[in-house]
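Each chain, written out:
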Amino acid sequence: MSDVRSAPRVQGPSNPADGDTARRLRAIGDELSERFYERADVVRTLVVTLLAGQHSLVLGPPGTAKSEMARELTSRIEGASYWEILLSKFTAPTRMFGPIDVAALARGEYRQVYDGRATTAHVAFIDEIFKCSTAALNETLGYLNERIYHPENGGEPIHCPLIGAITASNELPSGEDSAAIYDRLLVRVEVGYLADPSNFAALVRSAVSRPAAPVRTTVELTALRQAVADGVPAVEVPDAIVDAVCALRAALRRKELIASDRRWRQAVRLLQASAYLDGRPAVGESDLSVLTHVLWNSPAERPTVEREVLQLVNPDAKEALDLADTIDDLEAQLDAMAGQSREALSEWVIRKAHNQLAMAGRRLERLREEAAGAGRSTAAIDRVTGRQRAVRARVLTEALGVDASMVRAQF
């Protein structure tokens with residue numbers, strides 16, 4: 001794979017309009033990452049998925065800002081028609097795609113009102129997607145797959161202008177019906193509660209302080225549609241990248257992790273969207289990291305997929321994941337010592353935790369410098385660095401009694 005890493009970096013897309021669209025989308029991603037703690041990779045992945053014209057699933061427990069993050073992202077698209085719904089097992093298709101026009105029905109005409117519904121939306125947020133009712137299942141699948149809706153009266157199918165949907169759920173699908181929807185969501189990202197005590201302290205402070213008016217970058221609907229239809233598909237996919245994807249598929253099959261041919265083919269557009277977002281005319285090795293959100297079925301498979309992706313294309317990030325194992329072990333030890341005396345905890349910190357966390361932090365810093373200098377993605381390294389900081393903050397606050405509000409200043 002050395003030929004992938006040594007490929008020259010060509011500057012920027014040839015179309016100035018594409019460059020402005022990508023710049024605006026990057027700015028939107030940066031602004032949302034500042035607002036939503038520990039969500040930088042999630043935000044970028046959602047933007048890339050939208051650029052690819054695909055659908056995403058945000059999977060995580062209640063209260064992890066899934067809905068707020070989706071609304072904030074989709075609201076940045078000027079001129080777009082937005083639709084949102086919270087599904088239940090009793091949600092009727094007409095509530096999603098258009099209620100019956102009662103006035104027309106009184107005149108003997110059967111007509112649906114489509115304005116403000118999924119049928120006319122450019123972007124959508126569907127919460128509790130796996131609670132889709134059996135009655136609405138086929139129409140929802142058609143809406144996500146082909147962007148079409150079949151009216152209740154059996155008329156001609158309506159072609160919907162949907163660019164992409166962000167969906168959310170607190171749980172994985174439990175039946176065949178919901179599994180069919182799950183299969184149609186190309187990108188799957190997990191979110192959890194804040195891990196870093198300093199970020200949690202900042203979150204609490206934000207609830208009682210008056211924040212300054214945030215910078216709010218937007219992108220025009222016409223520019224986004226042009227990017228999805230023309231700009232992203234024009235991004236080159238070099239032979240070296242095709243070889244890397246084939247090698248990754250073989251490696252995952254050896255681990256008995258099988259993705260459909262359709263999923264692999266759709267993933268290529270994600271690679272192009274990732275390069276487009278970064279302002280590059282060709283897919284590079286750093287774009288392959290987005291595949292870690294595509295090729296697993298259960299969250300238990302995600303670490304294996306991530307390791308295979310990074311082992312193939314990014315040795316710096318692979319070593320970072322190995323360091324993550326050490327960090328996780330230390331956190332497990334901290335949990336196991338709950339209830340012990342402050343003296344015992346302090347001794348454990350002095351003898352073991354402090355040195356291992358410090359060594360991991362220094363190595364992660366060097367790995368990031370090497371990766372950035374070589375033009376490789378630092379996303380995985382940054383995520384592990386966040387874990388290192390979070391566990392170090394827990395050690396400081398729980399084992400040594402340091403005030404959580406003072407922890408951030410030490411990093």
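The structure under discussion appears in the preceding block.
In short, a report on the structure. (Residues numbered from 1 in each chain as written. Predicted model: local features only at pLDDT ≥ 70, side-chain atom pairs only at ≥ 80, totals over all residues. Heavy atoms only, no water.)

Some remarks on the overall build of the protein
To keep it simple, the criterion reads: Counting from the N terminus, the helices are the DSSP runs of H or I reaching at least four residues and the strands are the DSSP runs of E reaching at least two. Burial classes follow relative accessibility: with a 1.4 Å probe on protein chains only, a residue under 20% of its type's maximum area counts as buried, one over 50% as exposed, and anything between as partly exposed. Residues are treated as being in contact if the distance between any of their heavy atoms lies within 4.5 Å. Areas reported here follow the Shrake-Rupley algorithm with a probe of radius 1.4 Å; residue values treat only the protein chains shown as occluding. Positive charge is attributed to Lys and Arg, negative charge to Asp and Glu, and no charge count is given to His or to the chain ends. Where a charge lies is defined by one atom per residue type, namely NZ (Lys), CZ (Arg), CG (Asp) and CD (Glu).
Assigned secondary structure in the protein consists of 16 helices and nine strands. The dimensions of the protein, computed from C-alpha atoms along their principal axes, are 80 × 50 × 45 Å. Scored against the burial criterion, the 411 residues of the protein give a buried share of 47%. Counting only contacts in the protein whose residues sit at least 6 apart along the sequence, the fraction spanning at least 24 positions is 76%. Counting only carbon and sulfur atoms, one obtains 52% of the accessible surface of the protein, whose full area is about 19,700 Å². Charge centroids of the protein, computed over 50 positive and 56 negative side chains, lie 2 Å from each other.

Let's talk about the packing of aromatic side chains
The line we're drawing: Pairing of aromatic rings covers Phe, Tyr and Trp, the last through its six-membered ring, and needs centres within 6.5 Å; plane angles under 30 degrees mean stacked, over 60 mean edge-to-face, and all others mean tilted. Look at NZ for Lys and CZ for Arg. If either is within 6 Å of the ring centre and within 35 degrees of the ring normal, a charge sits over the ring.
According to the stated counting rule, one finds five aromatic pairs in the structure shown. A centroid spacing of 4.6 Å and a plane angle of 10° characterise the contact between Phe97 and Tyr149, whose relative ring orientation is stacked. Note that Phe97 is positioned in helix 5 (residues 93–97) and Tyr149 in strand 5 (residues 148–149), a separation of 52 residues in sequence. The exposure class assigned to Phe97 is buried, which follows from its relative accessible area of 0%. A residue is classified by how much of its surface remains accessible, and Tyr149, at 0% relative accessible area, is buried. Between the aromatic rings of Phe130 and Tyr182, the centroid separation amounts to 5.7 Å while the plane-to-plane angle is 75°, which identifies the pairing as edge-to-face. With Phe130 in the loop between strand 4 (123–127) and helix 7 (134–146) and Tyr182 in helix 8 (residues 176–184), the pair connects residues that are 52 residues apart, well separated along the chain. An identical accessibility class is assigned to Phe130 and Tyr182; each is buried. An aromatic cluster of three or more residues is present, and its members are Trp83, Phe97, Tyr114, Tyr143 and Tyr149. Above the face of the Tyr182 ring, Arg188 is positioned so that its terminal group lies 3.8 Å from the ring centre.

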